[in-house]
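Understanding the architecture of this molecule
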Amino acid sequence: MKLSCRHSARNSTVKFTIRLIVVTLWLNAGLATATPQIELVAEFGNRTFAKPLAMYQAPDSRDWFVVEQAGRILRVNTDKKVARVFADISTRIDSEPNEAGLLGLAFHPRFSSNRRVFLSYTAGGDPLISIVAEYRSNKTGDRLEADSERIVLQLDQPFGNHNGGQISFGTDGYLYIGFGDGGAAGDPRGNGQNTNTLLGALLRLDVDHEKPYTVPADNPFYSRDGRAEIYAYGLRNPWRWSFDRKTGELWLADVGQNKWEEINRISKGGNYGWNIREGRHCFRDRQCSNKKLIDPIAEYSHDQGCSVTGGYVYRGKKIPLLAGWYVFADYCSGTIWGFDTQQTPAQVMQILKTETNISSFAEAHDGELFILDHGKGGIFRLVPGR
Ligand SMILES: [Ca+2]
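These notes cover the structure that comes with them. In this text, all values refer to a predicted model and were calculated from it rather than measured experimentally. (Residues numbered from 1 in each chain as written. Predicted model: local features only at pLDDT ≥ 70, side-chain atom pairs only at ≥ 80, totals over all residues. Heavy atoms only, no water.)

1. Side note on the coordination of the calcium ion
Convention followed: The rule for donors is simple: an N, O or S atom within 2.8 Å of the metal counts, and for Na, K and Ca the reach is 3.2 Å. Water is not among the atoms, so a site may look short of donors. For helices the rule is a DSSP run of H or I covering at least 4 residues; for strands it is a run of E covering at least 2, with both sets numbered from the N terminus onward. Relative accessibility thresholds used throughout: buried, under 20% of the residue-type maximum; exposed, over 50%; partly exposed, between the two (1.4 Å probe, protein chains only).
Every protein donor of the calcium ion is listed here as E262 (OE), E262 (OE) and Y272 (O), and their distances to the metal cover 2.1 to 2.8 Å. In this pair, E262 is assigned in strand β16 (residues 260-266) and Y272 in the loop between β16 and β17 (277-278), connecting sequence segments 10 residues apart. E262 sits in the buried class, given a relative accessible area of 5%.

2. Remarks on the state of the cysteines
Filter applied, for reference: A pair of sulfur atoms, both from cysteines and within 2.5 Å, is called a disulfide here.
This structure, assessed with the given rule, holds 2 disulfides. A disulfide bridge connects C282 with C288, and the sulfur atoms are separated by 2.1 Å. Sign of the S-S torsion, about -85° for the bond between C282 and C288, identifies this disulfide as left-handed. You can call C282 partly exposed: its relative accessible area is 37%.

3. Quick look at unusual backbone geometry
That bond from K211 to P212 is cis: its omega, -10°, falls within 30 degrees of zero. As for its placement among the helices and strands, P212 is situated in the loop between β12 (201-205) and β13 (230-233). For the peptide bond that leads from W274 to N275, omega is 5°, which places it in the cis range. Looking at the element boundaries, N275 is found in the loop between β16 and β17. In this structure, D187 takes a positive phi of about 55° despite not being glycine. Position of D187 relative to the elements: it lies in the loop between β11 (175-179) and β12.

4. Regarding the environment of A362
Let me state the cut-off plainly: In this analysis, two residues are considered to be in contact whenever any of their non-hydrogen atoms come within 4.5 Å of each other.
You can see A362 is positioned in strand β24 (residues 358-363). Residue classification places A362 among the buried residues on the basis of a relative accessible area of 0%. The sequence separation of A362 and R381 amounts to 19 residues, and the corresponding C-alpha distance is 9.1 Å. Residue contacts for A362: discarding those within four places in its chain leaves M55, W64, Y312, E368, L369, F370 and L372.

5. Regarding empty space enclosed by the protein
The condition is simple: Within this scheme a cavity is a closed region of a 1 Å grid, computed over the protein atoms alone, that accommodates a 1.4 Å probe without allowing it to escape, whereas a pocket is open but has protein on both sides within 12 Å along at least five of seven lines; lining residues each have an atom within 4 Å of a point. Grid points are joined across faces, edges and corners, and a volume is the space filled by probe spheres set on the points. Residues are grouped as follows: nonpolar covers Ala, Val, Leu, Ile, Met, Phe, Trp, Tyr, Cys and Pro; charged covers Asp, Glu, Lys and Arg; every other residue, Gly included, is treated as polar.
Throughout the structure, instances matching the rule amount to 2 cavities of 30 Å³ or more. Every residue lining the largest cavity is listed: A54, M55, Y56, Q166, R240, W241, S242, G310, G311, Y312, S360 and F361. The set of elements that each furnish at least two residues to the lining of the largest cavity consists of β2 (52-57), β14 (238-243), β20 (308-313) and β24. Of the residues in the lining of the largest cavity, the class split is 6 nonpolar, 5 polar and 1 charged. For the second largest cavity, the calculated volume is near 30 Å³. Considering the residues around the second largest cavity, the lining is formed by R236, D254, V255, G256, Q257, E262, Y272, W274, R277 and E278. Partitioned by chemical class, the residues of the lining of the second largest cavity number 3 nonpolar, 2 polar and 5 charged.

6. Topic: the layout of surface pockets
Left-over empty space is what a probe sized like a water molecule reveals as it rolls over the atoms. What the largest pocket holds in volume is close to 640 Å³. What lines the largest pocket is a set of 26 residues, among which Y56, Q57, S168, F169 and E363 lie closest to the centre. Listed by contribution, the elements that provide at least two residues to the lining of the largest pocket are β2, β6 (102-107), β10 (167-169), β14 and β24. Broken down by class, the residue content of the lining of the largest pocket amounts to 15 nonpolar, 8 polar and 3 charged.

This is the structure:
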């Protein structure tokens, strides 16, 4: 998310009706002759949320948990569309800087029996501090016990932006945490390439044994120089990443500086280039040939938008043509794209052009996908066109 985009979002809020321009999803020759369409349908009727940033289904039910930037989490009953406050930690949060606030939520994989919930947020002060904390919910799982907070990890943020902040459990049961490069512009302190800081990196922790956490012994820097928590690095501001539920592969969108937005497939120990490269292009130096840097699978320039929002590999049933496609978007332009993850090199296709500020995608237990409109607060389901 970027400030300039937020302003344009405000301007467009006058248009209350969301006009969706459905664009034909062109298929590669030979795959199909049809030109199917994909549309958005409001998931909760007219209900809107205050700057929604993330949405997850509870592991043991179909209810949705919608994360609002200022610090609330609303539990929405899927059938009755009734929303109740699951958590409100707004008094602990500094959501003043544009990219700060309640940024992440992860249910423990065994939430139904242990009721453990993890939140990620920024707290006040100079500097801003990123905090990942563990809580417990009540027995029925419908209210977070806010006094149960236990800090897992905290990290100073030298500048107000690029806080990353997503947390998710991998298929390996470990907790992954994404942090940006610390902010400002151009990574002035070189955090992206510095493996002795947790900034500009994706971390992987074991939160099931000692407190507050241990580091898996097969993390890349476990027994060599560098922070043992790091799983991958060279990131500028990872803004939404996900595990392919079929393959376990980790797909991560990294927000660019002024020119290139990128989608990466993350491998353990990988260096994703920032701030030597922005996307596939030299950034810090004119010469940037370095075989150790991993280029993105897909990128787009700022002709197409200004800030990438990562999505999911589609594994639902309702839109067969997207099967195995990675679906992502741009926060500013509202464009949704996708590419077939089986195809190399990736061929990015435009799926939809929307008038929304997409802050996140969400994936239901059944694999269907949703977008969250940060600007006007609506939540929409991707459906086959009629
Ligand atoms: Ca990169």
